[in-house]
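Spelled out, the chains give:
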Amino acid sequence: MEKLKNMVRNIPDFPTPGVMFRDITTVLKDSEGLVLAVNAIAESLANIDFDLVVGPESRGFIFGVPLAYKLQKGFVPARKVGKLPAETAKKSYALEYGSAEIEIHKDAINKGDKIVIVDDLLATGGTAKAVADLITELGANVVAMSFLIELEQLKGRETLADYNEIKTILKY
């Protein structure tokens with residue numbers, strides 16, 4: 001994974017002074033980097049039995065769709081409010097400065113489905129927790145979560161303490 005980690009661009013003081021931004025666009029633009037990232041996420045889930053991949057907007061789409069394709073699973077987008085045309089279920093969650101809502105089509109997930117949540121980044125865990133709560137409210141089971149990057153100092157795992165299978169590929 002060192003090769004993949006070296007592909008991540010580090011940008012100091014973005015978006016604010018003191019923050020080291022981990023930019024994955026350098027991974028995405030490199031065909032080898034994209035393949036390494038998707039394959040690593042797939043490998044992290046090798047022993048997990050699941051039905052669907054759920055990816056939060058927007059970077060969860062970037063990794064969730066090729067993962068679902070590779071593993072021959074369905075993909076369900078978790079979107080910002082107002083982006084889905086059919087009946088939805090939604091969940092509010094706290095952000096550092098305010099709040100947001102995320103929603104999923106009610107008919108995209110069935111009771112008892114086994115779900116894996118995939119996203120690019122585990123930071124505070126707020127988005128993943130909101131998506132997991134929403135999935136649970138729809139009667140499905142979150143069996144694992146996989147993230148390309150984990151920012152350990154932000155303690156997202158603590159927010160997701162109710163979930164046993166938290167997989168991360170690169171840790172900072």
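Up top is the structure these notes are about.
Values in this document were obtained by computation on a predicted structure and should not be read as measured data. (Residues numbered from 1 in each chain as written. Predicted model: local features only at pLDDT ≥ 70, side-chain atom pairs only at ≥ 80, totals over all residues. Heavy atoms only, no water.)

1. As for the layout of surface pockets
Phase 1: Approximately 1300 Å³ is the volume attributed to the largest pocket.
Phase 2: Lining the largest pocket we find 37 residues, and of these L121, A123, T124, L151 and L154 sit closest to its centre.
Phase 3: Listed by contribution, the elements that provide at least two residues to the lining of the largest pocket are strand 2 (20–23), strand 5 (88–95), strand 6 (98–105), strand 7 (114–122), helix 5 (126–137) and strand 8 (141–150).
Phase 4: With four residues, strand 7 is the largest single contributor of residues to the lining of the largest pocket.
Phase 5: Here the lining of the largest pocket is built from residues that sort into 22 nonpolar, seven polar and eight charged. (1 Å grid on protein atoms, 1.4 Å probe; cavity = no way out; pocket = protein on both sides within 12 Å on 5 of 7 lines; lining within 4 Å. Points joined across faces, edges and corners; volume = space filled by probe spheres on them. Helix = DSSP H or I, 4+ residues; strand = E, 2+ residues; numbered from the N terminus. Nonpolar A, V, L, I, M, F, W, Y, C, P; charged D, E, K, R; others polar.)

2. Focus: the sheet that holds strand 6
Phase 1: The seven strands are arranged 5-6-4-3-7-8-9 in an open sheet whose pairing can be described as mixed. The open sheet has two edge strands, strand 5 and strand 9 (166–171), and neither has a second partner. Sheet twist, expressed as the average angle between the axes of neighbouring strands with direction ignored, equals 25 degrees.
Phase 2: Two strands pair when backbone bridges link them, and strand 3 (residues 52–56) and strand 7 are joined in this way by three bridges, in the parallel orientation. Paired with V53 across the two strands is V116, which belongs to strand 7. (Pairing = 2+ DSSP bridges. Axes fitted to C-alpha atoms, helices over the stretch in contact; angles between N-to-C directions.)

3. A word on the pairing of strand 7
Phase 1: Across the nine residues of strand 7, seven count as buried, placing the element largely inside the fold.
Phase 2: In terms of strand pairing, strand 7 meets strand 8 through eight bridges, oriented parallel. Residue D119 lies in a different strand from strand 8, and its bridge partner there is F147.
Phase 3: Following the chain from strand 7 across helix 5 to the adjacent parallel strand 8, one finds a crossover that is right-handed. (Buried < 20%, exposed > 50% of the residue type's maximum accessible area, 1.4 Å probe, protein only. Right-handed = clockwise from strand over helix to strand, strands pointing away.)

4. Re the pattern of salt bridges
Phase 1: Per the stated rule, a full pass over the model turns up ten salt bridges.
Phase 2: As a salt-bridge pair, R9 and D23 come within 2.7 Å of each other at their nearest N and O atoms. Linking R9 in strand 1 (residues 9–12) with D23 in strand 2, this pair joins segments that are 14 residues apart in sequence.
Phase 3: Across the pair K129 and D133 runs a salt bridge, and its minimum N-O distance is 2.9 Å. In this pair, K129 and D133 both sit in helix 5, four residues apart, roughly one turn of the helix. (Salt bridge = Lys/Arg side-chain N within 4 Å of Asp/Glu carboxyl O.)

5. Describing the environment of P17
Phase 1: As for its placement among the helices and strands, P17 is situated in the loop between strand 1 and strand 2.
Phase 2: With 102 residues separating them along the chain, P17 and D119 place their C-alpha atoms 25 Å apart.

6. Remarks on the side chain of T168
Phase 1: Looking at where T168 falls in the secondary structure, it is placed in strand 9.
Phase 2: You can call T168 buried: its relative accessible area is 15%.
Phase 3: Reaching out from T168, the side chain makes a polar contact with the side chain of E150 at a distance of 3.0 Å.
Phase 4: A distance of 3.4 Å separates the side chain of T168 from the side chain of R157, its partner in a polar contact.
Phase 5: When near neighbours in sequence (up to four residues on either side) are disregarded, T168 contacts L122, F147, E150 and R157. (Polar contact = N/O pair within 3.5 Å; in protein donor to acceptor, adjacent residues only side chain to side chain. Contact = heavy atoms within 4.5 Å.)

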